[in-house]
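Secondary and tertiary structure notes
Read off the chains here:
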Amino acid sequence: MSEVAAGAESAPDVTLNAGPITRTQLALYCGGSGDHNPIHVDPEAAKAAGLPDVIAHGMLSAGFLGRMLTDAFGASSVLKLKIRFGGMTNVGDVVSCRGYTVRTGERERELRLEALVGDRVILSGIAVVANVNAGADGH
Amino acid sequence: MINRSFIGASRTIGSIKLEASMVRLFAQAVGITDEIFLDDAAARTAGLPAVPMPPTFLFCLRSMADKDSTRFFREMGVRLERLLHGEQEIELDRPVYAGETLSFDSTIADIYEKADGKLSFVREKVVAVDEGRLPVGSLISTFVIRN
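Residues numbered from 1 in each chain as written. Chains lettered and ligands numbered in written order. Predicted model: local features only at pLDDT ≥ 70, side-chain atom pairs only at ≥ 80, totals over all residues. Heavy atoms only, no water.

Comments concerning the packing of aromatic side chains
The condition is simple: We call Phe, Tyr and Trp rings a pair once their centres come within 6.5 Å, taking the six-membered ring for Trp, and we label the pair stacked below 30 degrees between planes, edge-to-face above 60, and tilted otherwise. Numbering of helices and strands runs from the N terminus; a helix is a DSSP stretch of H or I covering at least four residues, while a strand is a stretch of E covering at least two. When accessible area is computed with a 1.4 Å probe and restricted to protein chains, residues below 20% of their type maximum are described as buried, those above 50% as exposed, and intermediate ones as partly exposed. Only when the NZ of Lys or the CZ of Arg is both within 6 Å of the ring centre and within 35 degrees of the ring normal is a charge said to sit over the ring.
On inspection of all chains with the given rule, the structure shows four aromatic pairs over all chains. With a centroid separation of 5.1 Å and an interplanar angle of 65°, the aromatic rings of Phe 26 of chain B and Phe 57 of chain B are classed as edge-to-face. Separated by 31 residues along the polypeptide, Phe 26 of chain B in helix α1 (residues 20–30) and Phe 57 of chain B in helix α4 (residues 57–65) bring together distant segments of the chain. Phe 26 of chain B gets classed as buried once you look at its relative accessible area, which sits at 1%. With a centroid separation of 5.1 Å and 5° between ring planes, the pair formed by Tyr 112 of chain B and Phe 121 of chain B is classed as stacked. A connected cluster of aromatic rings, assembled from ring pairs, spans Tyr 29 of chain A together with Phe 26 and Phe 57 of chain B. Sitting over the face of the ring of Phe 72 of chain B, Arg 11 of chain B holds its NZ or CZ atom 5.5 Å from the ring centroid.

This is the structure in structure tokens:
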């Protein structure tokens, strides 16, 4: 499925830069997420899997997108989040998250999301967030 | 090639209680600084019943509840080193707060092939329900298998 392309040329409505990603952060995410796949923390395990070094969890960057949305729209505003994993994220990478509003309704808005490392798209997706919660918890 | 007779196969994943400490660990890992996610008192001051669940944590919670996360793929004969997580969809019917226990059930929603069978796709739908068995959200994962 292709995502809505509208808004791609205009400035994003919400942004967040996360990183540079450290090995400590990947270890913390292993513990915090319950994903204990060793390719994220153990260079030997990563090499055995054919990778030059450990790679970041795709869901860690998805978590950055979630953080961008809860920072901007409220802690319990997110109704839907759909992510497509497009590329690997490595130690030292800075993940630039962007959200473009593609539809605004009375009760919710839809955003097209992307996360980039440099000009490489590592995640793309959509989100639906509620308008009603923005401000309910201090945002 | 994966036998399409697995479409519709379902299993119970299990139940797990969302603890405020789990949210705090996750928040620290993804760099969340909003006190609402870190401190129960801050959440209450903001008018919430407890620390809320960050949206992508529903996926983590399901993983933590699952004692046998690769079972379907083993039954399908998929070699795990050929398995990629292609897409993840998270839907929340309502906010979830620390102190709640969620139960997860999984169903294989679809199996299909692309690129003349070089790639197989498995779509799994996981539904999360609360203690009253009312739905709180769902997770749709699309896995890609390089044949």
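A few points about α4 of chain B
Most of α4 of chain B is tucked away: seven of the nine residues are buried. Within α4 of chain B, burial applies to Phe 57, Leu 58, Phe 59, Cys 60, Leu 61, Arg 62 and Ala 65 of chain B.

Some remarks on the interface of chain B and chain A
In many analyses, interface size is given as the accessible surface area lost on bringing the parts together. Worth spelling out the cut-off: The contact criterion used is simple: two residues touch if any of their non-hydrogen atoms lie within 4.5 Å. Reported buried area values correspond to the accessible surface (1.4 Å probe) lost by two parts on association, with both partners' losses combined. Salt bridges, as used here, are contacts in which a Lys or Arg side-chain nitrogen is within 4 Å of a carboxyl oxygen on Asp or Glu. Definition of a polar contact: a pair of N or O atoms within 3.5 Å, with one able to donate and the other able to accept a hydrogen when the atoms are protein atoms, and with sequence-neighbouring residues admitted only if both atoms are side-chain atoms. Amino acid classes used here: Ala, Val, Leu, Ile, Met, Phe, Trp, Tyr, Cys and Pro are nonpolar; Asp, Glu, Lys and Arg are charged; the rest, including Gly, are polar. At least two bridges found by DSSP between two strands is the condition for calling them paired.
At the interface, 28 residues of chain B touch 29 residues of chain A. On the chain B side of the contact with chain A, Ala 29, Val 30 and Glu 87 of chain B bury the most area, a combined 20% of that side's loss. Remark: the boundary between chain B and chain A carries two salt bridges. For Glu 89 of chain B, the salt bridge is made with Lys 80 of chain A, and the minimal N-O distance between the two is 3.4 Å. Across the contact surface, chain B and chain A share nine residue pairs in polar contact (both at pLDDT 80 or more). When residues of the side of chain B that touches chain A are traced back to their parent elements, those giving at least two are α1, α2 (35–38), α4 and β2 (83–92) of chain B. The leading source of residues in the side of chain B that touches chain A is β2 of chain B, at eight residues. When grouped by side-chain class, the residues that make up the side of chain B that touches chain A number 19 nonpolar, five polar and four charged. Strand direction decides the pairing type here: strand β2 (residues 78–85) of chain A and β2 of chain B, joined by five bridges, are antiparallel.

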